[in-house]
Amino acid sequence: MRHRIIVLGAGYTGAVAAGRLARRLHREDVAITLVNAERDFVERVRMHQLAVGQDLRLRPLGVIFDGSGVELKYARVTGVDVDRTTVDIVGESGAETLEYDTLVYALGSGWHTRGIPGVAEHAHELAGRPGALRLRARLAELAAGQPVVVVGGGLTGLEAATEIAEARPDLDIALATRGGLGDWLSDKGRRQVRKVFARLGITAHENTTVTAVGADHVSTADGEVVPAAVTVWTTGFAVHPIAAATTLDVGENGQIVVDETMRSVSHPDVYAIGDAALVIGPGDKPLRMSCASGVPTAWQAADAIAARLTGGKTPTRQPRYVNQCVSLGRREGLIQYVTADDRAVSTALTGRLAALYKEVVCKGAAWGVANPTLGVPTRRRRVLREPVPQDS
Ligand SMILES: Cc1cc2nc3c(=O)[nH]c(=O)nc-3n(C[C@H](O)[C@H](O)[C@H](O)COP(=O)(O)OP(=O)(O)OC[C@H]3O[C@@H](n4cnc5c(N)ncnc54)[C@H](O)[C@@H]3O)c2cc1C
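Residues numbered from 1 in each chain as written. Predicted model: local features only at pLDDT ≥ 70, side-chain atom pairs only at ≥ 80, totals over all residues. Heavy atoms only, no water.

Draft legend 1. The arrangement of the packing of helix α1 (residues 12-24) against helix α8 (residues 291-310) in detail. Interhelical geometry of α1 versus α8 gives an angle of 30 degrees and a closest axis separation of 8 Å. Relative to α8, the element α1 lies roughly parallel. Handedness of the α1/α8 crossing: right-handed. In this structure, α1 uses Y12, T13, V16, A17, R20, L21 and R24 to contact α8, whose residues at the interface are C291, G294, V295, T297, A298, W299, A302, D303, I305 and A306. Class assignment of the residues belonging to the contact of α1 with α8 gives a composition of 11 nonpolar, 3 polar and 3 charged. (Axes fitted to C-alpha atoms, helices over the stretch in contact; angles between N-to-C directions. Helix = DSSP H or I, 4+ residues; strand = E, 2+ residues; numbered from the N terminus. Parallel < 35°, antiparallel > 145°, perpendicular 65-115°, else oblique. Left-handed = near helix turned anticlockwise from the far one by under 90°. Contact = heavy atoms within 4.5 Å. Nonpolar A, V, L, I, M, F, W, Y, C, P; charged D, E, K, R; others polar.)

Okay, here's the thing in structure tokens:
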């Protein structure tokens, strides 16, 4: 019988892991199933572009995985039972239960309402395609001069505010952030953000905590009411509650706790990667939810699974950060170089060159999904017949 590997989620990390496993393991020995809610690979890092009306290239998973040996299942994962080693899914043909020998959990994350009143009812989000498309439809309805407030001054907030302001110069765009604008960046990085905000006419509400969202405004802790025909909520990401509902060891935020090979510390037949995994990186800090650090977790998990199944040496690679790539509209960008543990150094690239750099990075990430072994030659190894010891 073939060893059954199920990969949940075909985003940046799940798609890479499934493809890499298929190139590492012999087809007669493994059955790899990739479960995803949508039929396309979604470039999440471009959701702000989708929201302002840009049309993204469609990347059907069926084309990406054609001939790869990976079986695709378009279905929503509704539950995982790590003790019975089963996954419940609901697809076009109804509910189904799948059994696995090895599970790779890569369901990513969604927006984080943080329990703030009115957010779930009134705010828009762009953590995934459905939300970005709703925001796109709503922005298209707005008349000149109407106010849009982006809440959250992190990378996603900066990208969203500048993209909307560039695409819709007729709107009145503001960004509310708890700290200072780009306060984690280098001096050069901060100057670049302020320069682009000024050019695009974006109002920055700094040191401002939003405490409630209404249909046409946001309220702040200082008692201010800021008009908002549209509120875009970008205060970080939250993982799906599926893992936390199992007996897996999870962190406070529901991410699955893994070792340096991305293997669950409580269930050795489960691996978690990307946003869904709690990975301790350089400086003993958990990795930030990002493509930049997520994709290496997919390489790591796939290579560790392949090594354990084939009796090879289990590789470990310490993920590290190099830079933060921020788009500031289509014409400007910021490449902020960082330490291995993601702290800004003084070097930063700005302007049109940075915008181009960021575009290349986005294209490269999508290319990597279709080319998951990234220059490493494909060598399909035979799976050992004897069970591999779980602590190896
Ligand atoms: C607007 C925006 C800009 C960003 N920019 C950057 C950036 O510049 N650099 C960077 O490093 N990171 C960026 N990120 C973060 C990055 O997109 C995520 O960290 C990355 O996508 C995580 O990869 P993942 O594979 O864990 O999850 P995802 O890419 O989210 O993939 C998860 C997959 O699982 C599927 N799925 C989810 N739930 C279910 C279910 N119940 N059943 C079946 N399928 C399901 C989804 O459809 C999806 O295909 C950005 C994010 C956003 C939203």
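Draft legend 2. Examining the sheet that holds strand β13 (residues 225-227) more closely. Here we have 3 strands laid out as an open sheet, ordered β11-β12-β13, and antiparallel in their pairing. Strands with a single pairing partner mark the edges of an open sheet, and in this sheet they are β11 (210-213) and β13. Shown here is a sheet whose adjacent strand axes are inclined to one another by a mean of 25 degrees, direction ignored. Where strand β12 (residues 217-220) and β13 come together, 3 bridges link them in antiparallel fashion. Within β13, the residue paired with V218 across the bridge is V226. (Pairing = 2+ DSSP bridges.)

Draft legend 3. Inspection of helix α9 (residues 351-370) at higher detail. The terminal C-alpha atoms of α9, which comprises 20 residues, lie 30 Å apart, in line with the 28 Å expected from a rise of 1.5 Å per residue. Taken together, the buried positions of α9 are occupied by G351, A354, A355, K358, C362, A366, G368 and V369. One side of α9 carries all its buried residues, which in axial view fall inside an arc of 160 degrees. Exposed side of α9, more than 90 degrees from the buried face: R352, L353, L356, V360 and K363 are the residues found there. (Expected span 1.5 Å × (residues − 1). Buried < 20%, exposed > 50% of the residue type's maximum accessible area, 1.4 Å probe, protein only. Arc of directions from axis to C-beta.)

Draft legend 4. Local environment of the packing of α1 against α9. Axis separation between α1 and α9 bottoms out at 8 Å; the angle between their running directions is 35 degrees. Between α1 and α9, the contacting residues are Y12, A15, V16 and R23 on the first element and A365, A366, G368, V369 and A370 on the second. In the contact of α1 with α9, the residues fall into 7 nonpolar, 1 polar and 1 charged.

Draft legend 5. The arrangement of the site of the ligand in detail. Neighbouring the ligand are 31 residues; T13, N36, R44, V77 and K358 lie closest to it. Within the backbone of Y12, one N or O atom sits 3.4 Å away from an oxygen atom of the ligand. Relative to its unbound accessible area of 1,000 Å², the ligand is 91% covered by the protein chains. The element that contributes the greatest number of residues to the shell around the ligand is strand β3 (residues 70-81), accounting for 3 residues. Across the shell around the ligand, the residue classes tally to 16 nonpolar, 10 polar and 5 charged. (Near = heavy atom within 4 Å. Polar contact = N/O pair within 3.5 Å; in protein donor to acceptor, adjacent residues only side chain to side chain. Areas by Shrake-Rupley, 256 points an atom, 1.4 Å probe, with all protein chains shown as cover.)

Draft legend 6. Structural detail: a nonpolar patch on the surface. A contiguous nonpolar surface patch, about 300 Å² in accessible area, is contributed by L353, L356 and V360. By the secondary structure assignment, L353 is in helix α9. Take L353: its relative accessible area is 53%, and that puts it in the exposed class. (Patch = residues over 30% accessible without salt bridge, like charges linked within 9 Å, V, L, I, M, F, W, Y side chains within 5 Å. Salt bridge = Lys/Arg side-chain N within 4 Å of Asp/Glu carboxyl O.)

Draft legend 7. Examining α1 more closely. The first and last C-alpha atoms of α1 sit 18 Å apart over 13 residues, in line with the 18 Å expected at 1.5 Å per residue. The element α1 is extensively covered by neighbouring structure, given that 12 of its 13 residues are classed as buried. Among the residues making up α1, those that are buried are Y12, T13, G14, A15, V16, A17, A18, G19, R20, L21, A22 and R24. Looking at the buried side of α1, the elements it contacts are β1 (3-8), β2 (30-36), β3, β6 (102-105), α8 and α9.

Draft legend 8. Examining the nonpolar core more closely. Judged by nonpolar contacts, the single largest core of 60 residues is most densely connected at I5, L8, L21, V80, V104 and Y105. Here this core gets 8 residues from one element, more than from any other, and that element is α8. By size, the runner-up hydrophobic cluster in this structure holds 33 residues, among which are V148, V230, V232 and V326. (Core = buried A, V, L, I, M, F, W, Y, C linked by side-chain atoms within 4.5 Å.)

Draft legend 9. Geometry of the environment of R194. Here R194 lies in helix α7 (residues 187-200). For the pair R194 and Y12, spaced 182 residues apart in the sequence, the C-alpha separation amounts to 31 Å. With sequence-adjacent residues up to four places away left out, R194 is seen in contact with L181 and E206.

Draft legend 10. Representation of the sheet that holds strand β21 (residues 344-350). Read from one edge of the open sheet, 3 strands run β19-β20-β21, paired in antiparallel fashion. Of all strands in the sheet, those bounded by a partner on one side alone are β19 (323-327) and β21. Averaged over all adjacent pairs, the angle separating strand axes in this sheet is 20 degrees, with direction ignored. Two elements, β19 and strand β20 (residues 333-338), share 5 bridges in a ladder whose sense is antiparallel. Bridging across to β20, V326 finds its partner in L334. Contacts between α9 and the sheet are confined to β19, β20 and β21, with β20 contributing the most and set at about 75 degrees to the helix.

Shape is all these values report; function is a separate question.
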